[in-house]
Amino acid sequence: MYIAYNNNGEICNAIEDDIIKGGEYICPLCKNKVIYKKGRKIQSHFAHSKNNNCKITTYKKESKEHLEVKKNLYQHFKNKYSDVQVEYIFKIDDSLQIADVYLVDKNIAFEYQRSVIPYDSIKQRTLGYEKAEIKLVWLIDVNKFVKELRKSNEILYIRYAPFVDNFLNYHKGCIFFYGYDYENKAIVFYQLWSYNLKKRNAICKKTVCKLGDVDFPLNFKISKDNLLSQIYRKDIENYIYVQLKYDKTVKNKLLGMFYNQRIELTNIPKVIGINFNEQLLFNTPLLMWQLEMYRLYNLGKSYGEIFCKLGNYIKFNSSIYINSRIKSHALEKVVKEYYKILVNT
Ligand SMILES: [Zn+2]
């Protein structure tokens, strides 16, 4: 942490001010004593003693990267705007919340996130900003959460951590998220297209904006390209093979579905395994919901009945940007399109 009070109740900022080593400082939130750590390799900062009970979890054990990114964002915006605060504290109902960096003039806050925290905490913090009517930009650590597998021209093949699911945006069929590249000091924008049947593998286009060039509005453009890949028979066979490794009996949900519909694994209908971009938002595997829809369709169920059943069958991953309205929109698009495909085959 960078902000603490001294004995006289004055605010000390470890990035800006000359702080006296060995002086007495207290945490503005929990009022416990904090120690000033003069840095050589990293920026000087304050830290709680071990076993502290500070309510702000990020203060418990703050990483070097978190300190560094906060400082970089703070200094960059400070050069551009007159009122920029690091570790800005604001009150929501009866609790205090803290923004990594807050641009007062713009009413925009930044949260840099590199530790995995539960979805409920992310949601609660996001709601805090909404209540305070502060615009919030979450920047997740892409060095930690995104692995670039290979690159061909402008197209990247990535695998990302489950934590990224919490931050996926969905707009007009496009899926994207923001992050911060700590190594290259840049805000990055990833647009994703569903790739194969492996979870959290995606094709993507990445736009990089060096911190020195960052200004508002953040103008990352959504690409109109459709890079959605086709799922091949081989992908499907491999996927089923992996499932077999875990459980070969009909108790295996996926195998059970094939078995119940008398579908031989060597002769899977072409209509099973059609890729959809929205799959990146779903927790329910693609083959499962398509087999379920195929079954209902073959039973002669109407579109309305199928839509209703699939609404309960397909489960979404949690994301702070995807509310129930967006969910039903995505669901409708997918079920409608897949229904058309079923009708036409
Ligand atoms: Zn504290």
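Computed from a predicted model, the values in this text were never measured in an experiment.

Peer 1: Quick rundown of the overall build of the chain? Include the residues and the values.
Peer 2: Looking only at helices and strands, the chain has eight helices and 15 strands in total. Residues counted as buried form 28% of the 345 residues belonging to the chain. A sequence separation of at least 24 residues applies to 58% of the contacts in the chain between residues at least 6 apart.

Peer 1: Tell me what's going on with the domain arrangement of the chain, and back it up with residues and numbers.
Peer 2: As far as domains go, the chain holds domain 1 (100–229) and domain 2 (233–344). Centre-to-centre separation of domain 1 and domain 2, based on C-alpha positions: 27 Å. On the side of domain 2, 20 residues touch domain 1, which itself brings 20 residues to the contact. Looking at the side of domain 1 that touches domain 2 element by element, the count peaks at four residues for helix 2 (residues 119–131). Within the side of domain 1 that touches domain 2, the residues separate by chemical class into 11 nonpolar, seven polar and two charged.

Peer 1: Please provide a residue-by-residue account of the nonpolar core, values included.
Peer 2: Grouped together as the largest cluster of nonpolar side chains are 70 residues, with contacts concentrated most on Val101, Leu168, Leu192 and Leu281. At six residues, the largest contribution of residues to this core is made by helix 6 (residues 286–298). Two domains each provide a minimum of three residues to this core, namely domain 1 (100–229) and domain 2 (233–344). Discounting chain neighbours no more than four positions away, the residues touching Leu168 are Ile175, Phe177, Leu280, Leu281, Ser319 and Tyr321.

Peer 1: Requested: an account of the environment of Glu292, with residues and values cited.
Peer 2: As for its placement among the helices and strands, Glu292 is situated in helix 6. Residue classification places Glu292 among the partly exposed residues on the basis of 18 C-beta atoms within 10 Å.

Peer 1: Got a sec to walk through the packing of helix 6 against helix 7 (residues 303–313)? Specific residues and values, please.
Peer 2: Between helix 6 and helix 7, whose axes approach to 11 Å, the crossing angle comes to 155 degrees. When the axis of helix 6 is compared with that of helix 7, the two are roughly antiparallel. Once helix 6 is placed against helix 7, the crossing between them reads as right-handed. In this structure, helix 6 contributes Trp289, Glu292, Met293, Leu296 and Tyr297 to the contact, and helix 7 contributes Ile306, Lys309, Leu310 and Tyr313. Among the residues making up the contact of helix 6 with helix 7, the classes are represented as seven nonpolar, no polar and two charged.

Peer 1: For the pairing of strand 11 (residues 155–160), give the residues involved together with the corresponding values.
Peer 2: Both strand 10 (residues 146–152) and strand 11 contribute to a ladder of six bridges, which runs antiparallel. Residue pairing for strand 11: Ser152 is matched across the bridge by Ile155. Hairpin connection from strand 10 to strand 11: two residues lie between these consecutive antiparallel strands, with Asn153 at a positive phi of about 55 degrees.

Peer 1: Go over the sheet that holds strand 1 (residues 3–6), please, and point to the residues and values.
Peer 2: Pairing between sheet strands relies on hydrogen bonds along the backbone, with the strands arranged either parallel or antiparallel. The strand order 2-1-3-4-5 describes an open sheet built from five strands, whose pairing is antiparallel. A strand with exactly one partner marks an edge of an open sheet, and here the two such strands are strand 2 (11–13) and strand 5 (45–48). Where strand 1 and strand 3 (residues 25–26) come together, two bridges link them in antiparallel fashion. Bridge pairing in strand 3 links Asn6 to Tyr25.

Peer 1: Mind laying out the environment of Gln85, listing which residues take part and the relevant values?
Peer 2: Within the element layout of this structure, Gln85 appears in strand 6 (residues 84–92). Under the C-beta neighbour-count criterion, Gln85 is labelled partly exposed, with 19 such atoms within 10 Å. Along the chain, Gln85 and Tyr297 lie 212 residues apart, while their C-alpha atoms are 58 Å from each other. Residues within four places of Gln85 in sequence aside, it is in contact with Tyr102 and Val104.

Peer 1: Explain helix 8 (residues 324–344) residue by residue, including any values.
Peer 2: Taking 1.5 Å per residue, 21 residues should reach 30 Å; helix 8 reaches 30 Å between its end C-alpha atoms and fits that length. Among the residues making up helix 8, those that are buried are Ala330, Val334, Val335 and Tyr338. The buried residues of helix 8 occupy an angular sector of 120 degrees when the element is viewed end-on, so they sit on one face. Seen from the buried face of helix 8, the exposed residues on the opposite side, beyond 90 degrees, are Arg325, Ser328, Lys336, Lys340, Val343 and Asn344. If you follow the buried residues of helix 8, they end up packed against strand 12 (169–171), helix 6 and helix 7.

Peer 1: Please provide a residue-by-residue account of the environment of Val250, values included.
Peer 2: Mapped onto the fold, Val250 is located in the loop between helix 4 (233–246) and helix 5 (253–260). Of the residues examined, Val250 has 12 C-beta atoms within 10 Å and is grouped as exposed. Placed 10 residues apart in sequence, Val250 and Asn260 show a C-alpha to C-alpha distance of 9.0 Å. When sequence neighbours within four positions are dropped, the list of residues in contact with Val250 reads Leu255, Gly256 and Tyr259.

Peer 1: With reference to specific residues and values, describe the packing of helix 5 against helix 6.
Peer 2: Look at helix 5 against helix 6: their axes get within 10 Å of each other, and the N-to-C directions meet at 25 degrees. When the axes of helix 5 and helix 6 are compared, the pair comes out roughly parallel. Once helix 5 is placed against helix 6, the crossing between them reads as left-handed. Together, Lys253, Leu254 and Met257 of helix 5 and Leu287, Met288 and Leu291 of helix 6 make up the contact between the two elements.

What counts, and where the lines are drawn
- Residues numbered from 1 in each chain as written.
- Predicted model: local features only at pLDDT ≥ 70, side-chain atom pairs only at ≥ 80, totals over all residues.
- Helix = DSSP H or I, 4+ residues; strand = E, 2+ residues; numbered from the N terminus.
- Buried ≥ 20, exposed ≤ 12 C-beta atoms within 10 Å, placed from the backbone.
- Contact = placed C-beta atoms within 7 Å.
- Domains from an automatic or database assignment.
- Nonpolar A, V, L, I, M, F, W, Y, C, P; charged D, E, K, R; others polar.
- Core = buried A, V, L, I, M, F, W, Y, C linked by C-beta atoms within 7 Å.
- Axes fitted to C-alpha atoms, helices over the stretch in contact; angles between N-to-C directions.
- Parallel < 35°, antiparallel > 145°, perpendicular 65-115°, else oblique.
- Left-handed = near helix turned anticlockwise from the far one by under 90°.
- Pairing = 2+ DSSP bridges.
- Expected span 1.5 Å × (residues − 1).
- Arc of directions from axis to C-beta.

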